[in-house]
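Analysis of the macromolecular model
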Amino acid sequence: MPIAIKHLTHTYMPGTPFETRALFDVSLSIRDGEFVGVIGHTGSGKSTLIAHLNALIRPEPGRVIVSGVDVGQKGQSLIEIRREVGLVFQYPEYQLFEETVEKDVGYGPRNLGLPDAEVKVRVAEALSQVGIPEELSGKSPFELSGGQKRRVAIAGVLAMRPSTLVLDEPVAGLDPAGREELLKLIQDIHKGGVTVIMVTHSMDDAARLCGRLIVLNRGEVAFDAPPAEVFRHGDELVEMGLDVPECVKLVKRLNECGFHLPDNLFRMEDVERAILKEVRGC
Amino acid sequence: MLKNITIGQFFPGNSLIHRLDPRAKLMLTVALIVAVFLSQGFAGFALVLLFVAMAARMSRISLKFLVRGLKPILYIVIITFVLNLFFQSEGRVIFRWNFIAVTDGGLRRAAYMAVRLVLLVTSSQLLTLTTSAISLTDGLEALMRPLKKIKFPAHEIAMMMSIALRFIPTLMEEADKIMKAQMARGADFESGSLFKRAKAMVPLLVPLFVSAFRRADELAMAMEARCYHGGEGRTRMKQLRYGRRDLAAALAVALLIAAIATLNALGVF
Ligand SMILES: Nc1ncnc2c1ncn2[C@@H]1O[C@H](COP(=O)(O)OP(=O)(O)O)[C@@H](O)[C@H]1O
Ligand SMILES: [Mg+2]
């Protein structure tokens with residue numbers, strides 16, 4: 001489902017001494033099947049932006065249009081929008097509450113008013129999608145390990161079968177193996193035809209996974225372009241409290257020393273291959 | 001939703017009023033409340049109002065905040081006014097409809113009670129708006145210290161209060177986050193019967209309790225790691241000290257009370 005955001009501004013607690021402008025005049029659009037990364041310093045408005053995609057915050061002023069439906073319109077059924085756009089919050093394991101994993105994952109589908117049989121099918125499907133074995137589905141979610149809890153929480157959103165999946169820093173606080181596993185899982189979901197929007201603090205992940213990056217700086221869109229182009233602006237990114245991926249740094253240093261490597265290499269394997277190619281002279 | 005609730009409605013600032021010693025501010029607020037009760041008529045109220053307005057101006061609190069603080073007691077004020085209006089029957093009748101009669105004495109009494117209520121709330125708001133929760137509990141602890149002689153757990157109560165106050169915003173933020181997360185999963189907290197709505201709170205309350213206990217555990221650990229062992233022999237980084245401004249404020253309040261007493265003695269209402 002295509003998403004369009006037009007001139008979106010958001011201010012928290014207006015008219016008080018705690019007034020904070022979190023977003024200012026943000027306009028962007030997301031097409032079906034994209035894998036979009038959202039990066040920006042802490043407090044740049046990333047979480048505020050994605051809360052709008054799910055109608056958790058009313059766009060005011062500005063407009064958010066999800067597959068042709070204006071989210072801010074009065075009387076608009078929000079559950080339809082929430083069915084289309086699945087939102088996985090930061091540390092989603094803190095939202096688990098049911099007695100069993102199965103019941104918790106089924107919470108979303110039940111809220112959609114689906115019959116029990118359908119809920120059961122979706123729960124099983126979502127759990128297998130995130131790689132949680134069937135034996136665990138009768139366990140209490142509070143007994144699982146951190147990484148498992150996180151995957152169960154993500155399954156809770158997947159069970160609603162959203163056409164767009166939005167994830168807020170999905171790998172924060174996981175160990176390296178857990179990170180890789182989860183990122184792989186997100187890639188698989190994307191390959192399955194779901195549009196993915198992912199907030200991340202890792203420039204490396206952003207570069208190698210996303211087809212396009214939206215860079216937020218103090219609530220405004222600083223860049224909205226493919227990774228190769230965004231990371232060409234290294235100095236500006238550093239000024240915004242961000243960085244460039246290690247591979248980009250390496251390529252830049254090598255090119256300063258006389259190499260002629262392309263600037264769209266974001267995996268060490270790719271850089272290695274390019275270096276070998278140049279050294280051996282094809 | 002939750003974001004509109006403010007508890008411990010501190011309005012940060014650096015004015016003279018903000019910098020008063022919290023103990024002095026607590027005691028002076030009590031004195032100000034005494035002044036309100038002492039006033040027997042509108043002349044006294046006018047003095048108190050003038051005093052509060054000047055103090056509010058000095059503390060640079062916008063009038064909007066003081067007025068907003070009155071909202072929760074609006075109905076109480078209206079009920080007080082109406083009850084007094086109809087159930088006082090001294091004086092000349094100025095309005096009559098069936099068995100309901102309004103007398104000028106009743107009107108006066110009703111206005112008196114309503115204004116008194118508003119002044120009481122506004123005066124105490126002056127305290128809560130200009131004093132952070134932390135210094136408020138510091139002040140309370142210091143004032144309660146003499147009660148330790150009769151085994152009153154002054155330090156523990158102050159510590160519990162400051163921890164509670166410190167964590168209210170955190171828990172509210174957390175509740176807001178969990179609420180949003182469940183809404184993203186199609187939860188509906190706002191419609192349906194009372195029973196349905198109560199049931200809809202479960203997905204909010206369970207995670208909130210879990211996280212409150214986790215936080216309590218972490219906090220206990222962090223406090224022990226920093227050698228907390230109760231109030232015995234504990235010193236403070238910020239010592240409370242009365243200054244000249246506290247004396248000045250006390251004199252101002254004393255003057256106000258004296259003026260009201262004089263008005264009473266002269267019979268000016
Ligand atoms: N519920 C809230 N109430 C008040 N201010 C908020 C709230 N949520 C976020 N903010 C403020 O809005 C700004 C943007 O926050 P956020 O969208 O969470 O940024 P990010 O996710 O990029 O770190 C920050 O300055 C933050 O303090
Ligand atoms: Mg965030």
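In this text, all values refer to a predicted model and were calculated from it rather than measured experimentally. (Residues numbered from 1 in each chain as written. Chains lettered and ligands numbered in written order. Predicted model: local features only at pLDDT ≥ 70, side-chain atom pairs only at ≥ 80, totals over all residues. Heavy atoms only, no water.)

1. What about the overall build of chain A?
Assigned secondary structure in chain A consists of 12 helices and 10 strands. The C-alpha radius of gyration computed for chain A amounts to 20 Å, which stays within 12% of the reference 19 Å derived for 282 residues, consistent with globular compactness. Projected onto its principal axes, the C-alpha coordinates of chain A cover approximately 65 × 50 × 35 Å. In chain A, which comprises 282 residues, the share counted as buried stands at 50%. (Helix = DSSP H or I, 4+ residues; strand = E, 2+ residues; numbered from the N terminus. Rg over C-alpha atoms; globule rule 2.2 N^0.38 Å. Buried < 20%, exposed > 50% of the residue type's maximum accessible area, 1.4 Å probe, protein only.)

2. Brief notes about unusual backbone geometry
Residues and elements named next belong to chain A. Residue P61 is reached from E60 by a cis peptide bond, and omega for that bond is -5°. Residue placement: P61 occurs in the loop between α1 (46–53) and β4 (63–66). Here M13, not a glycine, exhibits a phi torsion of approximately 45°, which is positive. Along the chain, M13 turns up in the loop between β1 (3–12) and β2 (20–30). In the Ramachandran plot, Y91 falls in the positive-phi region, its phi being about 45° despite a non-glycine side chain. Mapped onto the fold, Y91 is located in the loop between β6 (85–88) and α3 (101–105).

3. Brief notes about the pairing of β6(A)
Residue and element names in this part refer to chain A. Burial of the side chains of β6 extends over both faces: V85 and L87 are buried on one face and G86 and V88 on the other. Of the pairings in the sheet, the one linking β6 to strand β7 (residues 164–168) comprises four bridges and is parallel in character. The partner of V85 across the bridge, within β7, is T164. (Pairing = 2+ DSSP bridges.)

4. What to know about the packing of helix α4 (residues 63–70) of chain B against helix α6 (residues 104–130) of chain B
Residues and elements named next belong to chain B. The geometry of α4 relative to α6 is characterised by a closest axis approach of 10 Å and an angle of 125° between their N-to-C directions. Compared by their axis directions, α4 and α6 come out oblique. The handedness of the crossing between α4 and α6 is right-handed. Side by side, α4 and α6 meet where F65, L66, G69 and L70 of the first sit next to V118, V121, T122, Q125 and L129 of the second. Looking at the contact of α4 with α6 residue by residue, the classes come out as six nonpolar, three polar and no charged. (Axes fitted to C-alpha atoms, helices over the stretch in contact; angles between N-to-C directions. Parallel < 35°, antiparallel > 145°, perpendicular 65-115°, else oblique. Left-handed = near helix turned anticlockwise from the far one by under 90°. Contact = heavy atoms within 4.5 Å. Nonpolar A, V, L, I, M, F, W, Y, C, P; charged D, E, K, R; others polar.)

5. A word on the confidence of the model for chain B
Residue and element names in this part refer to chain B. Taken as a whole, chain B shows an average pLDDT of 86; of its residues, 96% reach a score of 70 or greater. By mean pLDDT, the top-scoring element of chain B is helix α2 (residues 22–38) (93), and the lowest-scoring one is strand β1 (residues 93–97) (76). Overall, residues 1–7 carries pLDDT values under 50, and its contacts beyond four positions in sequence, including any with other chains, amount to nine contacts. Interface predicted TM-score (ipTM) for the complex: 0.87; the corresponding pTM is 0.77. (pLDDT = per-residue confidence, 0-100.)

6. A word on the site of ligand 1
All names here are of chain A. Near ligand 1, the surroundings consist of Y12, M13, T20, A22, H41, T42, G43, S44, G45, K46, S47 and T48. At 3.1 Å from an oxygen atom of ligand 1 is found a main-chain nitrogen or oxygen belonging to G45. In the model, an oxygen atom of ligand 1 is placed 2.5 Å from a nitrogen or oxygen of the T48 side chain. In the complex, 68% of the free accessible area of ligand 1, which totals 560 Å², lies under the protein chains. Among the secondary structure elements, those contributing two or more residues to the shell around ligand 1 are β2 and α1. The element that contributes the greatest number of residues to the shell around ligand 1 is α1, accounting for three residues. (Near = heavy atom within 4 Å. Polar contact = N/O pair within 3.5 Å; in protein donor to acceptor, adjacent residues only side chain to side chain. Areas by Shrake-Rupley, 256 points an atom, 1.4 Å probe, with all protein chains shown as cover.)

7. Digging into the sheet that holds strand β10 (residues 220–225) of chain A
Hydrogen bonds between backbone atoms are what pair the strands of a sheet, whose relative direction is either parallel or antiparallel. Residue and element names in this part refer to chain A. The strand order across the open sheet formed by six strands is β6-β7-β8-β3-β9-β10, and the pairing between neighbours is mixed. Unpaired on one side and paired on the other, β6 and β10 mark the two borders of the sheet. The mean inter-strand angle of the sheet, taken between neighbouring strand axes irrespective of direction, is 15°. Pairing between strand β3 (residues 35–40) and strand β8 (residues 195–199): four bridges, direction parallel. Residue V36 lies in a different strand from β8, and its bridge partner there is I197. Its contacts with the sheet put helix α6 (residues 146–158) on β6 and β7, and the angle it makes with β6 is roughly 165°.

8. Focus: the interface of chain B and chain A
On the side of chain A, 23 residues touch chain B, which itself brings 21 residues to the contact. Note on chain B versus chain A: buried area summed over both sides is about 2,000 Å², and carbon and sulfur give 64% of it. When residues of chain B are sorted by the area they lose upon contact with chain A, B:K180, B:A184 and B:R185 head the list and together hold 35% of the total. Across the contact surface, chain B and chain A share one salt bridge. Measuring nitrogen to oxygen at the nearest pair gives 3.0 Å for the salt bridge that ties B:R185 to A:D104. Those elements that place two or more of their residues in the side of chain B that touches chain A are α4, α8 (154–184) and α10 (202–225) of chain B. In the side of chain B that touches chain A, the residues fall into 14 nonpolar, two polar and five charged. (Buried area = accessible area lost by both parts, 1.4 Å probe. Salt bridge = Lys/Arg side-chain N within 4 Å of Asp/Glu carboxyl O.)

9. A word on the domain arrangement of chain A
Residues and elements named next belong to chain A. When cut into domains, chain A gives domain 1 (3–244) and domain 2 (245–282). Measuring from the centre of the C-alpha atoms in domain 1 to the corresponding centre in domain 2 gives 33 Å. Between domain 1 and domain 2, the residue contacts involve 11 residues of the former and nine residues of the latter. Here domain 1 and domain 2 share an interface that buries about 860 Å² over both sides, 57% of which is from carbon and sulfur atoms. In this assembly, domain 1 and domain 2 are joined by two salt bridges. Among the ionic pairs, R232 bridges to D263, the shortest N-O distance being 2.7 Å. (Domains from an automatic or database assignment.)

10. Quick word on the pattern of salt bridges
Two side chains bearing opposite charge may form a pair once their charged atoms approach each other closely. Counting across every chain of the model gives 27 salt bridges over all chains. A salt bridge links A:E180 to A:R208, with the nearest nitrogen and oxygen atoms 3.4 Å apart. With A:E180 in helix α7 (residues 176–191) and A:R208 in helix α8 (residues 203–209), the pair connects residues that are 28 residues apart, well separated along the chain. With relative accessibility at 42%, the residue A:E180 sits in the partly exposed group. Across the pair B:K180 and B:D176 runs a salt bridge whose closest N-O atoms are separated by 3.6 Å. Taken together, the residues B:K180 and B:D176, both in helix α8 and four residues apart, mark about one turn of the helix. Given the relative accessible area of 16%, B:K180 is considered buried. Each member of the salt-bridge network shares a partner with another, and the members are A:R31, A:E34, A:R212 and A:D224.

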